[in-house]
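Chain residues, written in single-letter form:
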Amino acid sequence: MLMAHHGSDLIRHLAQPVGLALAGCLYVLSVASAPWTASAAEDPPGAVSPPLSPAAAQARMAELRAEIAYHDELYFRKAAPVISDFAYDRLKRELADLGQAWPAPAPEDAAAAAIGDDRSGRFPVYRHRERMLSLSKSYSESELRAFDARLSRQLGRDDLEYVVEPKFDGIAISVTYENGKLVRAVTRGDGVDGDDVTANALTIATLPRTLKVSAAGSAPALIELRGEIYLGYAEFARINRERTSEGEEPFAHPRNLAAGTLKSVDPRDAARRRLEIVFYGCGGCEPATARPAAQTALLDQLRSWGLPTIVTPRVVRGADRMWLAVGEIGRERGRYGFPTDGAVVKLNAVAAQRRLGATTQAPLWAMAYKFAPERVATRLRAITVQVGRTGVLTPVAELEPVRLGGTTVARASLFNREEIVRRDIRLGDWVYVEKSGEIIPAIAGVDLTRRTPAAVPYVFPAVCPACQGPLVQLAGEVAERCPDLNCPAQVRRRLEHFASAAGVDVPGLGPVLVDRLVAHQLVKTPADLYRLRRDDLRQIGSGMEASADRLLAAIERSKRAELGRFINGLGIPQVGVVSSRNLARHFGSLAALAQVQPADLLENHRPLVSGLGEKASLAVLAYFVRPENQAVVADLLRLGINPKVASDQESVRPLSGRIFVLTGTLPHLTRAEAVKNITAAGGKVAPVVSRETDYVVRGEGAGEKLTDARTRGIRVIDEAELLALLAID
Ligand code: IVH
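Report follows, based on the coordinates. Note that this is a predicted model, so its numbers are computed, not measured.

Some remarks on the overall build of the chain
- Check the secondary structure of the chain and you find 28 helices and 23 strands.
- Burial status across the chain gives 51% buried among its 729 residues.
- Contacts in the chain between residues far apart in sequence, at least 24 positions, make up 71% of those at least 6 positions apart.
- Here the chain displays about 32,500 Å² of accessible surface, and carbon together with sulfur accounts for 55% of that area.

Observations regarding the pattern of salt bridges
- Evaluated as defined, the whole model comprises 46 salt bridges.
- Note that Asp-300 is salt-bridged to Arg-303, the shortest N-O span being 3.2 Å. Remark: Arg-303 and Asp-300 occur in helix H10 (residues 295–304); sequence separation between them is three residues, near one turn of the helix.
- A residue is classified by how much of its surface remains accessible, and Asp-300, at 44% relative accessible area, is partly exposed.
- Look at Arg-303 and you get partly exposed, because its relative accessible area is 40%.
- Of the charged contacts, one joins Asp-424 and Arg-451 as a salt bridge, the two residues approaching to 3.1 Å between their closest N and O atoms. Residue Asp-424 is located in the loop between helix H13 (417–422) and strand E16 (426–427), and its partner Arg-451 is located in the loop between strand E18 (442–446) and strand E19 (456–457); the two are separated by 27 residues in the primary sequence.
- You can call Asp-424 partly exposed: its relative accessible area is 30%.
- The structure contains a network of salt bridges with shared partners spanning Glu-67, Glu-419, Arg-422 and Arg-423.

Observations regarding the sheet that holds strand E3 (residues 137–138)
- Reading across the sheet, the five strands line up as E3-E12-E11-E4-E10 and stay open at both edges, with mixed pairing between neighbours. Where the open sheet ends on each side, the last strands, each with one partner, are E3 and strand E10 (314–317).
- Strand direction decides the pairing type here: E3 and strand E12 (residues 366–370), joined by two bridges, are parallel. Within E12, the position partnered with Lys-137 by the bridge is Ala-368.
- Packing against the sheet, helix H5 (residues 141–155) makes contact with E3, strand E4 (161–168), strand E11 (340–347) and E12, and its axis sits at approximately 175 degrees to E12.

Concerning the pairing of strand E8 (residues 222–231)
- With 10 of 10 residues buried, E8 is to be regarded as a mostly interior element.
- Pairing of strand E5 (residues 171–178) with E8, which is carried by eight bridges, proceeds in the antiparallel orientation. From the neighbouring strand, Thr-176 faces E8, where its bridge partner is Glu-224.
- Here nine bridges tie E8 to strand E9 (residues 275–286), and the two strands are oriented antiparallel to one another. Paired with Gly-227 across the two strands is Phe-279, which belongs to E9.

Quick look at helix H15 (residues 511–519)
- Within H15, the full set of buried residues consists of Leu-513, Val-514, Leu-517 and Val-518. Along the axis of H15, the buried positions cluster into a sector of 130 degrees, meaning they face one direction only. Projecting away from the buried face of H15 at angles above 90 degrees are the exposed residues Val-512 and Ala-519.
- Gln-521 sits one or two residues past H15 and shows a positive phi near 55 degrees.

Notes on the side chain of Glu-419
- In this structure, Glu-419 sits in helix H13.
- The class of Glu-419 is buried, set by a relative accessible area of 4%.
- A polar atom in the side chain of Glu-419 sits 3.1 Å from the side chain of Arg-422.
- In this structure, Glu-419 is in contact with Tyr-70, Val-82 and Leu-414, ignoring residues within four places of it in sequence.

Structural notes on the nonpolar core
- Counting residues in each nonpolar core, the largest one holds 60 residues, and the members touching the most others are Tyr-162, Val-164 and Tyr-177.
- Broken down by element, this core gets its largest block of residues, six residues, from E9.
- With near-sequence residues (within four places) excluded, Tyr-177 lies in contact with Leu-182, Leu-207, Pro-208, Arg-209, Thr-210, Leu-211, Ala-221, Leu-222, Ile-223, Leu-225 and Leu-307.
- Membership of the second largest hydrophobic core comes to 54 residues, among which are Ile-540, Val-596, Leu-601 and Val-609.

Focus: unusual backbone geometry
- Pro-287 follows Glu-286 through a cis peptide bond whose omega is -5 degrees.
- Turning to its location among the elements, Pro-287 is positioned in the loop between E9 and H10.
- Here the phi dihedral of Gln-468 falls at roughly 65 degrees; this positive angle occurs in a residue that is not glycine.
- Tracing the backbone through its elements, the reader meets Gln-468 in the loop between E19 and helix H14 (488–499).
- Of note, Gln-521 is a non-glycine position whose phi angle comes to about 55 degrees, a positive value.
- Counting through the fold element by element, Gln-521 comes out in the loop between H15 and helix H16 (526–529).
- When its relative accessible area of 71% is taken as the criterion, Gln-521 is described as exposed.

Looking at the site of the ligand
- What surrounds the ligand is a group of 16 residues, the closest being Glu-165, Phe-168, Arg-188, Glu-228 and Lys-346.
- Between the ligand and Lys-346, the relevant distance is 2.9 Å, taken from a nitrogen atom to a side-chain nitrogen or oxygen of the residue.
- Burial of the ligand by the protein amounts to 88% of the accessible area it has alone, namely 530 Å².
- Of all the elements in the fold, those that place two or more residues in the shell around the ligand are E4 and E11.
- Per element, the largest residue contribution to the shell around the ligand is four residues, and it comes from E4.

Things to note about the packing of helix H7 (residues 233–245) against helix H28 (residues 719–726)
- Here H7 crosses H28 at 75 degrees, and the two axes come no closer than 8 Å. Accordingly, the angle class assigned to the pair H7 and H28 is roughly perpendicular. Along the contact surface, H7 presents Ala-234, Ala-237, Arg-238 and Arg-241, while H28 presents Glu-719, Ala-720, Glu-721, Leu-723 and Ala-724.
- Looking at the contact of H7 with H28 residue by residue, the class counts come to five nonpolar, no polar and four charged.

Structural notes on the sheet that holds strand E20 (residues 659–663)
- Judged by pairing direction, the sheet is parallel, and its four strands sit side by side in the order E21-E20-E22-E23 without closing on themselves. Of all the strands in the sheet, just strand E21 (684–685) and strand E23 (715–717) have a single pairing partner and so form its edges.
- The pairing of E20 with strand E22 (residues 695–698) spans four bridges and is parallel. Looking across to E22, one finds that Val-661 is bridged to Val-696.

A look at the pairing of strand E6 (residues 181–187)
- E6 sits mainly inside the fold: five of its seven residues count as buried.
- Pairing of E5 with E6 involves six bridges; the strand directions are antiparallel. For Thr-176, the partnering residue across the bridge sits in E6 and is Arg-184.
- Where E5 folds back on E6, the antiparallel hairpin that results is connected by two residues, among which Asn-179 adopts a positive phi of roughly 45 degrees.

A word on helix H24 (residues 627–638)
- A rise of 1.5 Å per residue sets the reference length of H24, with its 12 residues, at 16 Å; its end C-alpha atoms lie 16 Å apart and thus fit the reference within 8%.
- Buried within H24 we find Asn-629, Val-632, Val-633, Asp-635 and Leu-636. The buried residues of H24 occupy one face: seen down the axis, they fall within an arc of 160 degrees. Structural note: H24 exposes Pro-627 and Arg-638 on the side pointing more than 90 degrees away from its buried face.
- Contacts from the buried residues of H24 go to H16, helix H19 (563–570), helix H21 (590–594) and helix H23 (614–624).
- A positive phi of about 85 degrees marks Gly-640, the residue just after H24.

Calculation rules
Residues numbered from 1 in each chain as written. Predicted model: local features only at pLDDT ≥ 70, side-chain atom pairs only at ≥ 80, totals over all residues. Heavy atoms only, no water. Helix = DSSP H or I, 4+ residues; strand = E, 2+ residues; numbered from the N terminus. Buried < 20%, exposed > 50% of the residue type's maximum accessible area, 1.4 Å probe, protein only. Contact = heavy atoms within 4.5 Å. Areas by Shrake-Rupley, 256 points an atom, 1.4 Å probe, with all protein chains shown as cover. Salt bridge = Lys/Arg side-chain N within 4 Å of Asp/Glu carboxyl O. Pairing = 2+ DSSP bridges. Axes fitted to C-alpha atoms, helices over the stretch in contact; angles between N-to-C directions. Arc of directions from axis to C-beta. Polar contact = N/O pair within 3.5 Å; in protein donor to acceptor, adjacent residues only side chain to side chain. Core = buried A, V, L, I, M, F, W, Y, C linked by side-chain atoms within 4.5 Å. Near = heavy atom within 4 Å. Parallel < 35°, antiparallel > 145°, perpendicular 65-115°, else oblique. Nonpolar A, V, L, I, M, F, W, Y, C, P; charged D, E, K, R; others polar. Expected span 1.5 Å × (residues − 1).

Right, here's the structure in full:
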């Protein structure tokens, strides 16, 4: 009975989305000096350029409202937007502008004015003592100067004092302390009522439970402190690496991931990701006299209470200096370890703030300045479709290579078939490519003014581009999949994953060699790798003579990789580095894991394997239920490969004995942080590449060490792969 029950559970779960798998090579950000035909950054067409007829204006407004509602749904309810914030803001601005030029029959445009609503219905709601407002936004110097001019006029004086702060790109939060004790953390919600996410917020290590109060002072009876919960870039990269190793699509933006994490129903899920918090404001306060009289005083107070706050606020007088301070933040923000999307200018004196007041949406004494994401226009040459390790098809834009944010971009994500149709992206179109804090370049829009009749709609393949087999779409999933495990693309991706640094680690066995081995039908499963002989390698073409022995030696060495790496290398969906290591510790051998009975796994083992969720357990069962996967394990055992669990010492120090060389600048970790992390995990960092080197970690502007590593066949990894190896859980 029990079996039957779990069996049907298993089938139900298998029919559900198991996440999108991405081929490891989806996003090409080549730093090479690819020939680049000059294509200077261009501004997209202005908001309302050609004069519109009243009917056309109303039609455009209806279109914009629908578009905004669609993105609101994705952003607020699903935390999975498909356009950048900047592009979204532009839609809202266009609607607001049109609303002004063509006052609609409806008095106010709700969609343009709305503050949004992040409530999910999964948490108790709590009413803020003082409304939680949003900020008015500006996009140009003249708008900021107009803001200063308005304030000067209303307050009757020039040279107003402003505090200029970075605008953190996370999720707004209000944390209430009563007599110095944290009692509640609530999201903005609709500004009046928000979700009570206290349990999740308490997983944030840097959020103090009590305020530090000096012997002489005391904390207010009640204070609502306003701030932002966010994910730092390094943690974001670590999570994404873990996720791709689970065969799932990486998250596109740290803000959405922070929002999703904060809204986890189980606080243990929130605890697995290192959210951070920063405070910059104050809501309700009792007694009211305890409220600091200036923004600078508030920031000082927050600091002395031991709360994380804005580290380098700029305090300036007048519009000129204010604009300079905004520019400074714009230049510095590339070096921040947290995502920012702008600067916030706040009038310093609270008394003056009060005189100015607020609208229903935003205070009149503060203004956000949004930095334009770097964007360039380029031609969409083609759309290719990648087949991932678990068969998911992902369309990729093949672009005329173009410089963007210090790298050459030749490809960008196109999400899925539906997105291409919805955004009417055609082959041959001029498209805007954007990198706005997001790590992955995305198509921000199409320049319709440059569309020619030659631009043709893209026809999504009706069959798998790799094996020509039929495609399937699982219930509730937008992605199309190739269901055939023997599809050569999936076979290749699985082998690459098995041999990767987070798998059994066979340096030199990258995509090119895997392609050749699969094309020559020499290898299909991980076990086949261990049957390779020198003569086989000779067959596959020139250039192998010199490297064959080195490759065979690396394959031989990989037999001694610890069990967790073998399990991870199998590529079980939902099971990444950390779960693999925990499964290894618990089961102790491949055979024990492969033979576990469904009921036994779910009832008896699962509670004992740290962090193994229901989805992952079901994925393990689904994997080993298939005879072809059982055959791989049996084959490995027959070949005498019986990986062992790492000793405690090794698992605490996962990089024990490994030697690293760093080259170039890493996107998020400083060199010192990278060295500290590697040594803490038991590894060593050497200054030069030698025969002993295990990994070369490549950053932007990597030099000779990279070439050296490649000629010696040493494994080259990027920062995300390094973070995965460190696999902090
Ligand atoms: S002050 C009443 N300061 O940006 C004004 N907000 O787009 C309260 N944000 O809702 C906001 N960094 O969630 C302020 N240094 C900063 C900020 C900041 C990020 C967020 C905040 C706000 C949103 C508006």
